[in-house]
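# A look at the structure
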Amino acid sequence: MKNVIFLFVLACMCACQKPYEKAINEYVKENFNDPSSYECVELGEPKNLTVIDYSMAVLKAKAAKENWSADSIFKKTTELRPFLEKQGRNPDEVLLRYCEHTYRATNAFGAKVLHKEKWYFNEDYTKVTSIYKE
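Residues numbered from 1 in each chain as written. Predicted model: local features only at pLDDT ≥ 70, side-chain atom pairs only at ≥ 80, totals over all residues. Heavy atoms only, no water.

Here the focus is the overall build of the protein. The number of helices and strands found in the protein is four helices and five strands. Reading the protein from its N end, one meets helices and strands in the order α-α-β-β-α-α-β-β-β. Buried residues in the protein amount to 23% of all 134 residues. (Helix = DSSP H or I, 4+ residues; strand = E, 2+ residues; numbered from the N terminus. Buried < 20%, exposed > 50% of the residue type's maximum accessible area, 1.4 Å probe, protein only.)

The next thing to look at is the packing of aromatic side chains. Enumeration over the complete set of coordinates arrives at ten aromatic pairs. With centroids separated by 6.0 Å and ring planes inclined at 75°, the aromatic side chains of Phe32 and Tyr38 adopt a geometry described as edge-to-face. The pair Phe32 / Tyr38 is uniform in exposure class, with both members buried. (Phe/Tyr/Trp six-rings, centres within 6.5 Å; stacked < 30°, edge-to-face > 60°.)

This part takes up the environment of Glu100. Residue position: Glu100 is located in strand β3 (residues 94–106). Spatially, the C-alpha atom of Glu100 lies 9.9 Å from that of Glu134, the residues being 34 residues apart in sequence. Those residues in contact with Glu100, other than ones at most four positions away along the chain, are Glu42, Leu43, Gly44, Lys47, Glu117 and Lys118. (Contact = heavy atoms within 4.5 Å.)

Our focus in this paragraph is the confidence of the model for the protein. Note: predicted coordinates in regions of low pLDDT should not be interpreted at a detailed level. On average, residues of the protein score 90 in pLDDT, and 89% of them reach the 70 mark or higher. Across the protein, the element-wise mean pLDDT spans from 48 in helix α1 (residues 2–15) up to 97 in strand β1 (residues 39–43). In the predicted structure, residues 4–11 sits below a pLDDT of 50 and forms zero contacts with residues beyond four places in sequence or in another chain. (pLDDT = per-residue confidence, 0-100.)

Below you can see the structure in the form of structure tokens.
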């Protein structure tokens, strides 16, 4: 009877996982040196990087490099969406899907290491496509 209850609880926990959580667990099982050493510290909610978000970041980086005034930055940011639309781009198109992930895992030398990374996913969050170490 205890085994049945344990299996039921385990099945419920797996069924309640979100697609990106399942993708992370699969990635850990398939790619980590010691998957059993994986310990999630913090897993952020998935975020989307859109065309407008990316364009805004590029614009702000250029503004900082060239020392634009606050008024110039404001003017350019308000013109950005109409500019992208005029160019035939959908400003709300999603370019990337990712979440911030902090975890501990054993490295190749057997030491437990803390990692802070961005994990990127495919369109439906069912597969980890890449990892960026911060």
